Amino acid sequence: GGASWSSSALRLDLGDAPGASTSLRPQIAIAAGAIHVAWEDRRTTGSFGPDVYAISSQDGGATWPASDVRLDVGSPPAQAFATDVRLAAEGAFVCVVWED
């Protein structure tokens, strides 16, 4: 709950080596002890724009999955322009929306 913090930074955008991708405008929602984060991500270059990625911790941020998940899967990476990510959570439900 913020009473203590890790002594080292934790990277949640896991697609590329640090500094190799650009993650923009993260959104955070907390519900039922879980923390959810979604963001615009330019890890895959292309002629268009960012994709949407997300990751969740089910134990209040103590542990995180080994990989994040691309959400805008309707087209090949970087072939759309997914921006303006919004995130909401209530109980066990999470909703992520974006402009595409």
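Everything that follows concerns the structure shown earlier in this document.
Source: prediction; values computed, not measured. (Residues numbered from 1 in each chain as written. Predicted model: local features only at pLDDT ≥ 70, side-chain atom pairs only at ≥ 80, totals over all residues. Heavy atoms only, no water.)

### Notes on the side chain of Ser 57
On the secondary structure map, Ser 57 appears in strand 3 (residues 51–57). With relative accessibility at 0%, the residue Ser 57 sits in the buried group. Separated by 2.6 Å, the side chain of Ser 57 and the backbone oxygen of Thr 63 make a polar contact. If near-sequence neighbours (up to four positions away) are discounted, Ser 57 is found in contact with Gly 33, Ala 34, Ile 35, Ala 62, Thr 63 and Trp 64. (Helix = DSSP H or I, 4+ residues; strand = E, 2+ residues; numbered from the N terminus. Buried < 20%, exposed > 50% of the residue type's maximum accessible area, 1.4 Å probe, protein only. Polar contact = N/O pair within 3.5 Å; in protein donor to acceptor, adjacent residues only side chain to side chain. Contact = heavy atoms within 4.5 Å.)

### Description of the pattern of salt bridges
Evaluation of the coordinates by the stated rule reveals four salt bridges. The salt bridge partner of Arg 70 is Asp 72, with a shortest N-O separation of 3.2 Å. For the pair formed by Arg 70 and Asp 72, the shared burial category is buried. The salt bridge involving Arg 86 is made with Asp 84; its shortest N-O contact spans 3.0 Å. (Salt bridge = Lys/Arg side-chain N within 4 Å of Asp/Glu carboxyl O.)

### Overview of the environment of Ser 6
When you line up the elements, Ser 6 lands in the segment before strand 1 (23–31). When its relative accessible area of 56% is taken as the criterion, Ser 6 is described as exposed. C-alpha separation for the pair Ser 6 and Ala 62, spaced 56 residues apart in sequence, amounts to 9.3 Å.

### Digging into the pairing of strand 6 (residues 93–99)
Looking at chain direction, strand 5 (residues 83–90) and strand 6 are connected through six bridges and run antiparallel. Note on strand 6: the bridge partner recorded for Leu 87 is Val 96. With antiparallel pairing between neighbouring strands as the criterion, strand 5 and strand 6 make up a hairpin whose turn holds two residues, including Gly 91 at a positive phi of roughly 60°. (Pairing = 2+ DSSP bridges.)

### Considerations on the layout of surface pockets
In this structure, the largest pocket spans a volume of roughly 690 Å³. Along the walls of the largest pocket sit 23 residues, with Trp 5, Ile 35, Gly 60, Gly 61 and Trp 64 positioned nearest its centre. When contributions to the lining of the largest pocket are tallied by element, the ones reaching two or more residues are strand 1 and strand 2 (34–41). At five residues, strand 1 tops the list of elements feeding residues into the lining of the largest pocket. Looking at side-chain class alone, the lining of the largest pocket contains 13 nonpolar, nine polar and one charged residues. (1 Å grid on protein atoms, 1.4 Å probe; cavity = no way out; pocket = protein on both sides within 12 Å on 5 of 7 lines; lining within 4 Å. Points joined across faces, edges and corners; volume = space filled by probe spheres on them. Nonpolar A, V, L, I, M, F, W, Y, C, P; charged D, E, K, R; others polar.)

### With respect to the sheet that holds strand 2
Strand pairing in a sheet is mediated by backbone hydrogen bonds. Such pairs are either parallel or antiparallel. Pairing is antiparallel across the open sheet formed by four strands, whose spatial order is 1-2-3-4. The open sheet has two edge strands with one neighbour each: strand 1 and strand 4 (69–70). In terms of strand pairing, strand 2 meets strand 3 through seven bridges, oriented antiparallel. The residue bridging Trp 39 from the neighbouring strand is Tyr 53, located in strand 3.

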